[in-house]
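The chain contents come next:
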Amino acid sequence: MRIAMLHWAFPPTIGGVETHLAMVCPALVRRGYQVAVLAGSIDAEERVELWEGVYLRRTPLLDLNSLTPENIARQKENIARELERFCATFKPDVLHAHNFHYFSPIHTELLMEVKRRHGFPVILTAHNVWEDSLFREMLRFRHDWDGIIAVSHFIKREMVAAGYPADKITVIHHGLAYRQFLAHGEHAALRQFIRQVAGPRKIIFHPARMSLAKGSDVVVKAFHQVKEAYPSSFLLLAGTDLTVDWGAVQRKEIAQIKELIRSLGLEEDTLIRCFNWKEIAAAYQESEIVVYPSAFQEPFGIALLEAMALGKPLVVTRVGGMPEIVADGETGFVIPPRDPEALAEKLIWLLEQPEKARLLGERAAKRFKERFTLEEMLKAMTNYYHLIWQRSTDRKGAPSHSATRR
């Protein structure tokens, strides 16, 4: 079976969807599928490469960091040609688009036109939901998708409430390539660097990109309280280089968070560093606790799986899909959003009771292996591909050229 993937970005761009694709696409190739990806460029240049067995085409016509709605409108004909060329060249049996229910009505409209010309089914994975006029505008495509994957039950509920047909939506939680990720944790040079900066202090790690939506300011405020009760603690924050910044808001928020660190006198107790996926496991390994106190309705959070896989206790907020992953009081703690006092209380508890923290981490690792491995996710995803392909074939009333292909 030939699977085409469509997304706004691909590694080395950093983000949850990008990490997901970096694991899923090569894994599908190893299972005998042919996979092609069309994604945004990283340097405003068109590039074609073979990436771990995956045909990868990068185009500035999908680069959200450089595209504005006005620019998209001007580039409509070029976008149409790009989508047509990609699909005509690869001839997918199934096209799988990620987060194409937002950002650009023009891209999605053109995608549906290509779908109708070529006759392949199109699946959407909804990694996020929004609450604005653009999201409501994109509802006009809600019946055009042949199938929809929601990354959490929360996302499915939100999509249905917005008007998407419930019978087209299936929930498939993200999974993590455990052995591959564990091997990345042996990044000796990076672990040494982190330890040199932090010294013997206990590290609290916030792996999300620095932003207000991810609760980075809440983490800093809570850490200020933690330092007073537990002086031998240290804060590690993930940086934000090479991320999708739709609307160009990140730089202002990063400056705001850095100023908060300075004003609270925490500069000597905080390290900010950008980690790619092959590096970030080392940061988890050197940490005692992982925090992810999102202030918005976090749809899932692959970082939670990364922490759980390495046996780290988590403190997350009661938003979005995160309570589906972290069992409160069993594998970590679930607290109210935007509550630095509640976060500080749980962090101090974990630092002062290392044996209980270790037990939470062990339970987290067990829960990960039972529910959130890449193998479990791929089984559900490939079954869904074949189901949607078969439905499409039945509607057309003729056997597909790939009926006997994996």
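We now turn to the structure provided with this report. Because the structure is predicted, anything quoted here is derived from the model rather than measured.

1. Some details on the sheet that holds strand S2 (residues 34-40)
- As summarised here, the arrangement of the eight strands in space is S3-S4-S2-S1-S5-S6-S7-S8, forming an open sheet in which the pairing is mixed. In this open sheet, the two edge strands, each paired with only one partner strand, are strand S3 (47-51) and strand S8 (169-171). Neighbouring strand axes in the sheet, compared pairwise and without regard to direction, differ in orientation by 20 degrees on average.
- Helix H3 (residues 76-90) contacts strand S1 (2-6), S2, strand S4 (54-59) and strand S5 (94-98) of the sheet and is inclined by roughly 170 degrees relative to S2.

2. Overview of the layout of surface pockets
- Taken as a whole, the second largest pocket encloses approximately 250 Å³ of empty space.
- Around the second largest pocket, the lining comprises 14 residues; the ones closest to its centre are Glu288, Leu350, Pro354, Ala357 and Arg358.
- For the lining of the second largest pocket, the secondary-structure elements that each account for two or more residues are helix H13 (340-352) and helix H14 (354-371).
- Here the element with the most residues in the lining of the second largest pocket is H14; it accounts for five residues.

3. Notes on the nonpolar core
- By size, the foremost hydrophobic cluster in this structure holds 114 residues, and its most contacted members are Met5 and Trp145.
- Those residues within four positions of tryptophan 145 in sequence are excluded, and the remaining contacts are Ala97, Phe100, Thr108, Leu111, Met112, Val122, Ile123, Leu124, Tyr164 and Lys168.
- Of all hydrophobic cores here, the second largest spans 30 residues; its members include Phe223, Ile289, Ile348 and Leu350.

4. Some thoughts on empty space enclosed by the protein
- Using the criterion set out here, one finds one cavity of 30 Å³ or more in the structure.
- In this structure, the largest cavity occupies an estimated 50 Å³ of space.
- Taken together, His20, Thr125, Ile149, Val151, Ile172, His173, His174, Met377 and Met381 form the lining of the largest cavity.
- A per-class count over the lining of the largest cavity returns five nonpolar, four polar and no charged.

The rules behind these values
- Residues numbered from 1 in each chain as written.
- Predicted model: local features only at pLDDT ≥ 70, side-chain atom pairs only at ≥ 80, totals over all residues.
- Heavy atoms only, no water.
- Pairing = 2+ DSSP bridges.
- Helix = DSSP H or I, 4+ residues; strand = E, 2+ residues; numbered from the N terminus.
- Axes fitted to C-alpha atoms, helices over the stretch in contact; angles between N-to-C directions.
- Contact = heavy atoms within 4.5 Å.
- 1 Å grid on protein atoms, 1.4 Å probe; cavity = no way out; pocket = protein on both sides within 12 Å on 5 of 7 lines; lining within 4 Å.
- Points joined across faces, edges and corners; volume = space filled by probe spheres on them.
- Core = buried A, V, L, I, M, F, W, Y, C linked by side-chain atoms within 4.5 Å.
- Buried < 20%, exposed > 50% of the residue type's maximum accessible area, 1.4 Å probe, protein only.
- Nonpolar A, V, L, I, M, F, W, Y, C, P; charged D, E, K, R; others polar.

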